[in-house]
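# Summary of the model geometry
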There are 2 protein chains.
Amino acid sequence: MNEEFYTLKEAMLYSQRIGQLSKALWKAVEKDWQNWIKPYDLNINEHHILWISYHLEGATISDIAKFGVMHVSTAFNFSKKLEERGLLSFSKRDTDKRNTYVNVTPEGKELLERMYENYHDTTHSVIEGSIPIKEIYGKFPDFMEVTAVIRNIYGDDFMDIFEKSLQNIDNSTKPKSK
Amino acid sequence: MNEEFYTLKEAMLYSQRIGQLSKALWKAVEKDWQNWIKPYDLNINEHHILWISYHLEGATISDIAKFGVMHVSTAFNFSKKLEERGLLSFSKRDTDKRNTYVNVTPEGKELLERMYENYHDTTHSVIEGSIPIKEIYGKFPDFMEVTAVIRNIYGDDFMDIFEKSLQNIDNSTKPKSK
C-alpha cells in the first residue's frame, strides 16, 4: 500500500514535525486544563468524562472511551468514581440490556456550569497564544489539516460526535464578553 | 488584557476544539511512536532525548527538557539511563562549568540510524491518515496554524530548534522510496 508514494525522508520529516508539534500542543492544553479544573477536585479524565456525558446525553462507557481517547477500563473506573460522587448516574435501557448508559446528574451539570463561569480565573496559554491569529483572521484557527488527519485515523463517528458537541455549546451558551 | 476581544462562548468553543483535537492527535502519535520503538527497549522520553541530543549536537539537560517538553528531572533521569547504556555521553566545557552537555555516542547514532531504517516495519497511523491530504496537495500538511500557536506559547527559541532539527534531517537523509 502506498508503495513509492512517499520517500522515507519525507515520512521522517513529517513524522518529526507532527510528533514535536502534537506533543507541545497537547502539553500546553493539558497544563491549562489542569490549572482550570484543580479547584474542583477533578482530574482531566474525570472532567473529560463529565463533559462527554453532558454533550452526548446518554453515552455508553465505550462511547466515552472512544471519544475521550482513553482505555475502556479508564473510562469505566473514573465514571464509577464520578457516580460515587453523585455527578453521574448509570442506567440500563429496556431495549438494550447489555450496555450501561451514563448521564450527568443535576449536581454534575451544576458543577460543569460553575466551571465554565470561572473559566477565566486561570490562564489559558493556548487561547492567549491564538489571539494573534484571531487578530489577523477575525476568528480562532479551525485546524482543518489536523481535523482531516484525525477524521482519517479515528473515523467519521468520532468527528460526528465532535461536531455535535461543539454544536451543543454553540446552541446552549449565551454570548458573554470576557 | 484582551478584554472584550473574544466572548466566553468563543473561548469555550475554541478550547473544546483544540483540547479534543490535540488529545486525539497526540494519542495517535504516541501509539505509533511506541510501536516503532518497542523493539529497541526505549520509552518515548528516552528516544526523544536521544533524538534531540543527536540534532542539537551538544545539548544541555535544560535544552532537552525545553525542547522535549518534559520536566528537567525527567530529562536528567532518562539521560542518565541512556548514558549508563552507552548511548549518550556527558561532558563539561571549559568555558561553561555549570552545565552538563549531552552528546550521542557512536553506539547511540548507530541505534538511531537502525531505527530509521526499520521505520516502515510498524504502522504509522498518522502518516497513513495524512496520505489523502498529500494526494490532494502534493505534500504532507505543514500545520501552519498549530506552528503559529506553539511559537506564541513556547517562544522563538523553541521554534528555532525545531526548524534546525528538521533541516538536519533534510540535509542528512538520502531520499529513499518506501
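Note that the structure is predicted; figures quoted are calculated from it, not measured.

### Side note on the side chain of A:Asp32
Residues and elements named next belong to chain A. Position of Asp32 among the secondary structure elements: in helix α1 (residues 8-37). The charged side chain of Asp32 is buried without a salt bridge, its nearest counter-charge being Lys31 at 7.2 Å. A polar side-chain atom of Asp32 sits 3.0 Å from the main-chain amide nitrogen of Val126. Every residue in contact with Asp32, bar those within four places of it in the chain, is listed here: Thr123, His124, Ser125 and Val126.

### What to know about the packing of helix α2 (residues 44-56) of chain B against helix α5 (residues 106-117) of chain B
All names here are of chain B. Taken N-terminus to C-terminus, the directions of α2 and α5 make an angle of 110 degrees; their axes are 11 Å apart at the nearest point. Considering their axes alone, α2 and α5 lie roughly perpendicular with respect to each other. Touching His47, Leu50, Trp51, Tyr54 and His55 of α2 are Lys109, Leu111, Leu112, Glu113, Met115 and Tyr116, all from α5.

### What about the relation of the copies chain B and chain A?
The transform that puts chain B on chain A rotates by 180 degrees and translates by 0.0 Å along the axis, for an RMSD of 0.0 Å. What the rotation and shift describe, once combined, is the action of a two-fold rotation axis. With an isologous cut-off of 70% or more, the 100% of interface residues of chain B that recur at the interface of chain A puts this contact in the isologous class.

### A short note on the sheet that holds strand β2 (residues 88-93) of chain A
Residue and element names in this part refer to chain A. The three strands are arranged β1-β3-β2 in an open sheet whose pairing can be described as antiparallel. Because the sheet does not close on itself, it has two edges, and the strands there are β1 (59-60) and β2. As judged from the two bridges shared by β1 and strand β3 (residues 96-104), these two strands associate in the antiparallel manner. By the bridge assignment, Thr60 is partnered in β3 with Tyr101.

### Topic: the pattern of salt bridges
Residue and element names in this part refer to chain A. The full count for this structure, using the stated rule, is 16 salt bridges over all chains. Among the salt bridges present, the one from Asp157 reaches Lys66, with a minimum N-O distance of 3.5 Å. Linking Asp157 in helix α8 (residues 156-172) with Lys66 in helix α3 (residues 61-68), this pair joins segments that are 91 residues apart in sequence. Its relative accessible area of 37% is what places Lys66 among the partly exposed residues.

### What about the interface of chain B and chain A?
Between chain B and chain A, the residue contacts involve 76 residues of the former and 76 residues of the latter. At the boundary of chain B with chain A, total buried surface from both sides reaches about 8300 Å², with 69% on carbon and sulfur atoms. Salt-bridge contacts for A:Glu10 lead to B:Lys134; the nearest nitrogen and oxygen are separated by 3.4 Å. Taken together, the elements giving at least two residues each to the side of chain B that touches chain A come down to α1 (8-37), α2, α3 (61-68), α6 (125-137), α7 (144-154) and α8 (156-172) of chain B. Residue contributions to the side of chain B that touches chain A peak at 23 residues, all from α1(B). The class makeup of the residues in the side of chain B that touches chain A is 42 nonpolar, 18 polar and 16 charged.

### Here's the deal with unusual backbone geometry
Of note in the backbone geometry, A:Val69 takes a positive phi value of approximately 50 degrees without being a glycine. Within the secondary structure, A:Val69 sits in the loop between α3 and α4 (72-84). Judged by its relative accessible area of 16%, A:Val69 falls in the buried class. Despite not being glycine, B:Glu57 has its phi angle at roughly 45 degrees, a positive value. With respect to the secondary-structure elements, B:Glu57 resides in the loop between α2 and β1 (59-60).

### Thoughts on the pairing of strand β2 (residues 88-93) of chain B
All names here are of chain B. Pairing of β2 with strand β3 (residues 96-104) involves five bridges; the strand directions are antiparallel. Bridging across to β3, Arg93 finds its partner in Asp96. A loop of two residues connects β2 with β3, the two strands running antiparallel in sequence.

### Describing the sheet that holds β3(B)
All names here are of chain B. Ordered in space as β1-β3-β2, the three strands form an open sheet in which the pairing is antiparallel. Looking at strand neighbours, the two that pair on one side only are β1 and β2, the edges of this open sheet. Its contacts with the sheet put α2 on β1, β2 and β3, and the angle it makes with β3 is roughly 105 degrees.

### What to know about the confidence of the model for chain A
Residues and elements named next belong to chain A. Averaged over all residues, the pLDDT of chain A equals 90, while 94% of them reach at least 70. The least confident element of chain A, judged by mean pLDDT, is α8 at 85; the most confident is α4 at 97. Across the predicted assembly, pTM comes out at 0.91 and ipTM at 0.91.

Conventions adopted
- Residues numbered from 1 in each chain as written.
- Chains lettered and ligands numbered in written order.
- Predicted model: local features only at pLDDT ≥ 70, side-chain atom pairs only at ≥ 80, totals over all residues.
- Heavy atoms only, no water.
- Helix = DSSP H or I, 4+ residues; strand = E, 2+ residues; numbered from the N terminus.
- Buried < 20%, exposed > 50% of the residue type's maximum accessible area, 1.4 Å probe, protein only.
- Lys, Arg positive; Asp, Glu negative; His and termini not counted.
- Salt bridge = Lys/Arg side-chain N within 4 Å of Asp/Glu carboxyl O.
- Polar contact = N/O pair within 3.5 Å; in protein donor to acceptor, adjacent residues only side chain to side chain.
- Contact = heavy atoms within 4.5 Å.
- Axes fitted to C-alpha atoms, helices over the stretch in contact; angles between N-to-C directions.
- Parallel < 35°, antiparallel > 145°, perpendicular 65-115°, else oblique.
- Least-squares fit on C-alpha atoms with pLDDT ≥ 70 in both.
- Pairing = 2+ DSSP bridges.
- Buried area = accessible area lost by both parts, 1.4 Å probe.
- Nonpolar A, V, L, I, M, F, W, Y, C, P; charged D, E, K, R; others polar.
- pLDDT = per-residue confidence, 0-100.

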